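# Descriptive analysis of the structure
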Amino acid sequence: MTSGTSAGPHPHPGMYAAYLRRLGIEEPGAPSVAGLFALQRAHLERVPYENVDIQLGRAPGIDPELSARRFAAGRGGYCFHLNGALAALLGHLGYEVTRHVGGVYKESQAEDALRGVSGDHLALTVRVPGAEADGAGVYYVDAGLGDGPHEPLPLREGTYRQGSFAYSLERLPGIGWLYRHPGSSAPLVNFRAEPAGTAAAAAFEAEHLRLSTSGDSGFVRTFAALRRDADGIDALRGRVLSRIDPARGNTERVLDGPEEFFAALEGLFGRALDDLTPTDRTALWTRVDRAHASWAAGRGAARAG
C-alpha cells in the first residue's frame, strides 16, 4: 500500500517479477524488517544512480512503470526514478509506503535546509506491518542519493552507524525531518512530514524537467554513476573513477579512454549498454572527455594560483 502522490500509474504486476530479478531477489516474502533491509541493499548494489540518458539529451520520464521497465532492462536513474519505482515495488509487496517532498542541499546551504524544502528530491518512509512491537516500525528509505545509507534508517532522532559511515536524523519543527551525512554528495536532505499530495506530481515533473535539461543542473553538466555496497561507494564522475572505503582506504584514478569508461560503466556499475548505439557511445564519450578536460584545466589553474 502506498500513500502520497506517484508520478504516474504503478507498474503492471508482471513487471515486478522482472524488477525483482534485477535485484537478485526471487522470493521477497511477506513484509518484514529484514525483507525491507534486503530490498534496499539490493537496489543500491544492483541499480546504479546514473545520468547516461540525461547526458545524451533524452532524459527518461519519471513514471514508475517506465522506471521499473528500465531497471528490469539494466538501466538506472536518479532520485525520481529510483525512489519512485522502489515505492511502487514496496507497495506491491505489502509495505506501507509514503512519498514525501524533499530537498538535497550542500553543506554551505545548511540554513536553507533548516527553513524550507526545495522539492528537488523524492523521499520515502516505509512502515513495516507488525514491526512496531520491535520499537521501530517506520523507516527512512532512500535509494536515490547514490552514496546514501546502505540500509534504511529508523525514523526517529539519532545517529546511526553502518560500517564506517555515520548518518543522523533530526526533526525539523514545522517542516518534517533532516538527514545529515557530512562529506557526501548529499550532505543534507530534508523532507516534509506530510505525504506528498496530488499537486506534488506536477511539481516533481517540473523539477525533473529542470534537473534534466537546464544548463545549470549538475546532472546536465557532469556525467555521474554511483553504486553503494556494504563497505563503501564506487563513483564515476566524468572520467574520474573513485572508491570511497574508509576501512581500506580511498582510491581515485582517471580512466584512459572510452573502452575503459564503458567497461567500468557496464561491469562495475551494472549499467547495461545495449541501448547505446555506436553514435550514442561516441557522443557520450566526447561529452564526458570535453567536460573532464575543462575540469582538469580549471583544477590546474586553481592549484597554480
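The structure this text deals with has already been given above.
Note that the coordinates shown come from a computational prediction; the quantities given were computed from them, not determined experimentally.

## Points about helix α7 (residues 199-213)
Under the 1.5 Å per step criterion, the end-to-end length of α7 is 22 Å for 15 residues, consistent within 8% with the ideal 21 Å. Every buried residue of α7 is listed here: Ala200, Ala201, Phe204, Glu207, His208, Leu211 and Ser212. The buried residues of α7 occupy an angular sector of 130° when the element is viewed end-on, so they sit on one face. In α7, the exposed residues that point more than 90 degrees away from the buried face are Ala199, Ala202, Leu209 and Thr213. Considering only its buried residues, α7 is in contact with α3 (52-55), α5 (79-92), β3 (96-105), β4 (121-127) and α8 (218-221).

## Observations regarding the pairing of strand β9 (residues 176-180)
Counting buried positions along β9 gives 4 out of 5 residues, so the element sits mostly inside the fold. Taken together, the 5 bridges between strand β8 (residues 165-172) and β9 define a ladder with antiparallel strand orientation. Within β9, the position partnered with glutamate 170 by the bridge is leucine 178. Hairpin connection between β8 and β9: a loop of 3 residues separates the two successive antiparallel strands, and glycine 174 in this loop has a positive phi of roughly 80°. Here β9 pairs with strand β10 (residues 188-192) via 5 bridges, running antiparallel. Residue pairing in the sheet places glycine 176 in a bridge with arginine 192 of β10.

## Some details on the packing of aromatic side chains
On inspection of all chains with the given rule, the structure shows 12 aromatic pairs. Aromatic side chains phenylalanine 37 and tyrosine 139 sit 5.5 Å apart centroid to centroid with 90° between the ring planes, which places their arrangement in the edge-to-face category. Of this pair, phenylalanine 37 sits in helix α2 (residues 33-46) while tyrosine 139 sits in strand β5 (residues 138-141), and the two are 102 residues apart along the sequence. Classification of phenylalanine 37 as buried rests on a relative accessible area of 17%.

Parameters at a glance
- Residues numbered from 1 in each chain as written.
- Predicted model: local features only at pLDDT ≥ 70, side-chain atom pairs only at ≥ 80, totals over all residues.
- Heavy atoms only, no water.
- Helix = DSSP H or I, 4+ residues; strand = E, 2+ residues; numbered from the N terminus.
- Expected span 1.5 Å × (residues − 1).
- Buried < 20%, exposed > 50% of the residue type's maximum accessible area, 1.4 Å probe, protein only.
- Arc of directions from axis to C-beta.
- Contact = heavy atoms within 4.5 Å.
- Pairing = 2+ DSSP bridges.
- Phe/Tyr/Trp six-rings, centres within 6.5 Å; stacked < 30°, edge-to-face > 60°.

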